[in-house]
Amino acid sequence: MNYLPFFFNKIFKCYYIISPRGTLSSWSLKNSRFKKNFFWFLIQKRVLKNAIAFHATSDLELQEIRKLGFKQPIAVIPNGIDPHKSIKNKNKNYYSLSKEFSVIFLSRIHEKKGLENLIEAWGEINFPETSIWNLKIFGKGNDKYINFLKDICISKNIRNISINAPLYGEKKISEYINSDIFILNSFSENFGQSVLESLNLGTPVIVSDQMPWKDVELMNCGWVVKNDIKSIVKLFETKILRTDKNTLYNMGLNGINYSKSHYGWKELSTRMFQFYDWIKNGGERPPFIYD
């Protein structure tokens, strides 16, 4: 966390707003607890306490901030995305005939992301003999942890999993578009930009119940699952493996419409301007700002 605004506030009496970006989640604060507690009591708590307001990217993050006892106004404004012109670039009829399914993870490779549970669950799923299911993991992370995940695959003879370097630009976009399902079963996410990227490109998503994406089931563009091995296995065996290609295709179209209608930058940037204007000039409180 940047402490400069705190010192400017003390010296020049200027105001500042904190956007935690997940750093105040219960999961984050539990990790490296001794080091974080030291900095918390030394200065971090004072920095947060003296902020005039907070910006949260989801209702879930708002709740995490309130749990810590901070009572300042909080604006809930999610991240946005530019609608992509490309959607599923495959012929729907040809696509529906394929018996090969691709599930992708595209994010930072970290303990927080629940990859150990996902990999072990993959080894326990009873996949049908009539189709091929591949799990492709792309991301950047600590080499020791990446090797640990690879060792799980080897020691438990878990097949059809690949752990790969991160993707960028058009290669990343292409992987989203050409995959059947995106999965991010994190223990904690303040938002989860990769989920929005996937929806925007027409790929249904699987997210954990610890993420602010429970609407994907309501909008019929994804599934929500508890982040444990048994729940992941059950989701695949009772729902995912029974979902055909045409249904996945249509769920992807639902995701595109959902991302366009809820996460366009034009509306979200307007909210941000309203937030700062309200902080500076007062007046009627916008409905996305909570006292």
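Keep in mind that this is a model prediction, so the values were computed, not measured.

Caption draft 1: Representation of the layout of surface pockets. When its volume is computed, the largest pocket comes out at roughly 510 Å³. Ser-58, Asp-59, Pro-212, Asp-215 and Tyr-263 are the residues nearest the centre of the largest pocket, which is lined by 22 residues in total. Looking at the lining of the largest pocket, the elements that each hand over two or more residues are helix H4 (59-67), helix H12 (245-262) and helix H13 (265-281). Looking at the lining of the largest pocket residue by residue, the class counts come to twelve nonpolar, five polar and five charged.

Caption draft 2: Summary view of the side chain of Ser-188. By the element assignment, Ser-188 lies in the loop between strand E7 (181-184) and helix H9 (193-200). Among the residues examined, Ser-188 registers a relative accessible area of 8% and is labelled buried. In contact with Ser-188, other than residues within four places in its own chain, are Ser-25, Trp-27, Lys-112 and Gln-210.

Caption draft 3: Layout of helix H11 (residues 229-238). Buried residues of H11: Ser-231, Ile-232, Val-233, Leu-235 and Phe-236, and no others. For H11, the secondary structure elements touched by its buried residues are strand E4 (100-106), helix H6 (115-124), strand E5 (132-138), E7, strand E8 (205-208) and strand E9 (222-225). A distance of 3.3 Å separates the backbone nitrogen of Lys-230 from a side-chain oxygen at the start of H11, and that oxygen is part of Asp-228.

Caption draft 4: Here's a closer look at helix H8 (residues 169-177). All buried positions along H8 are accounted for by Ile-173, Glu-175, Tyr-176 and Ile-177. The inward-facing, buried residues of H8 abut E4, E5, E7 and H9.

Caption draft 5: Spatial organisation of the sheet that holds strand E10 (residues 289-290). Strand order in the open sheet formed by four strands is E1-E2-E3-E10, and the pairing between neighbours is mixed. Since the sheet does not close on itself, it has two edges, and those belong to strand E1 (17-18) and E10, each with one partner. The sheet contact formed by E1 and strand E2 (residues 53-56) spans two bridges and is parallel. Within E2, the residue paired with Ile-18 across the bridge is Phe-54. Across the face of the sheet, H13 comes into contact with E1, E2, strand E3 (74-76) and E10 while running at roughly 170° to E2.

Caption draft 6: Geometry of the packing of H6 against helix H7 (residues 143-155). Packing of H6 against H7 brings their axes to within 10 Å, and their N-to-C directions diverge by 15°. One finds that H6 runs roughly parallel with respect to H7. Considering only the axes of H6 and H7, their crossing is right-handed. For the pair formed by H6 and H7, the contact residues are Leu-115, Glu-116, Ile-119 and Glu-120 on the first element and Tyr-145, Phe-148, Leu-149, Ile-152 and Cys-153 on the second. Residues belonging to the contact of H6 with H7 are distributed by class as follows: seven nonpolar, no polar and two charged.

Caption draft 7: Structural view of the environment of Leu-149. The topology assignment puts Leu-149 in helix H7. For Leu-149, a relative accessible area of 0% gives the class buried. What Leu-149 contacts, discounting residues up to four positions off in sequence, is Ile-109, Leu-115, Glu-116, Ile-119 and Ile-163.

Caption draft 8: Representation of the nonpolar core in the model. One finds Trp-213 and Phe-236 to be the most contacted residues of the largest nonpolar core, which totals 57 residues. Sequence-distant contacts of Trp-213, that is, excluding residues within four places in its chain, are made with Phe-191, Gly-192, Val-195, Leu-196, Leu-199, Val-207, Val-224, Tyr-258 and Tyr-263. The next biggest cluster of nonpolar side chains, apart from the first, holds 13 residues, and it includes Ile-18, Leu-62, Phe-70 and Val-76.

Caption draft 9: Broad picture of the side chain of Asp-180. Inspection of the secondary structure assignment puts Asp-180 in the loop between H8 and E7. One polar contact links the side chain of Asp-180 to the main-chain amide nitrogen of Ser-102, over a distance of 2.7 Å. Side-chain polar atoms of Asp-180 contact the side chain of Lys-245, separated by 2.8 Å.

Caption draft 10: Geometry of the packing of aromatic side chains. Throughout the structure, instances matching the rule amount to 13 aromatic pairs. Ring geometry for Trp-122 versus Phe-127: centroids 4.8 Å apart, planes at 50°, classification tilted. The class of Trp-122 is buried, set by a relative accessible area of 3%. Residue class for Phe-127 comes out partly exposed when judged on its relative accessible area of 25%. Taking 5.3 Å as the distance between ring centres and 40° as the angle between the ring planes, the aromatic pair formed by Trp-213 and Tyr-263 counts as tilted. Pair noted here: Trp-213 is in the loop between E8 and helix H10 (215-218) and Tyr-263 is in the loop between H12 and H13, with a separation of 50 residues, a long-range link. Just as Trp-213 is buried, Tyr-263 falls in that class too. Grouping aromatic residues by their ring pairs yields a cluster made of Phe-101, Trp-122, Phe-127, Trp-133 and Phe-236. The cationic tip of Lys-245 hangs over the ring face of Phe-101; the distance from NZ or CZ to the ring centre is 4.5 Å.

Rules used throughout
Residues numbered from 1 in each chain as written. Predicted model: local features only at pLDDT ≥ 70, side-chain atom pairs only at ≥ 80, totals over all residues. Heavy atoms only, no water. 1 Å grid on protein atoms, 1.4 Å probe; cavity = no way out; pocket = protein on both sides within 12 Å on 5 of 7 lines; lining within 4 Å. Points joined across faces, edges and corners; volume = space filled by probe spheres on them. Helix = DSSP H or I, 4+ residues; strand = E, 2+ residues; numbered from the N terminus. Nonpolar A, V, L, I, M, F, W, Y, C, P; charged D, E, K, R; others polar. Buried < 20%, exposed > 50% of the residue type's maximum accessible area, 1.4 Å probe, protein only. Contact = heavy atoms within 4.5 Å. Polar contact = N/O pair within 3.5 Å; in protein donor to acceptor, adjacent residues only side chain to side chain. Pairing = 2+ DSSP bridges. Axes fitted to C-alpha atoms, helices over the stretch in contact; angles between N-to-C directions. Parallel < 35°, antiparallel > 145°, perpendicular 65-115°, else oblique. Left-handed = near helix turned anticlockwise from the far one by under 90°. Core = buried A, V, L, I, M, F, W, Y, C linked by side-chain atoms within 4.5 Å. Phe/Tyr/Trp six-rings, centres within 6.5 Å; stacked < 30°, edge-to-face > 60°. Lys NZ or Arg CZ within 6 Å of the ring centre and 35° of its normal.

From the geometry alone we can't say anything about function, so treat these as descriptive.
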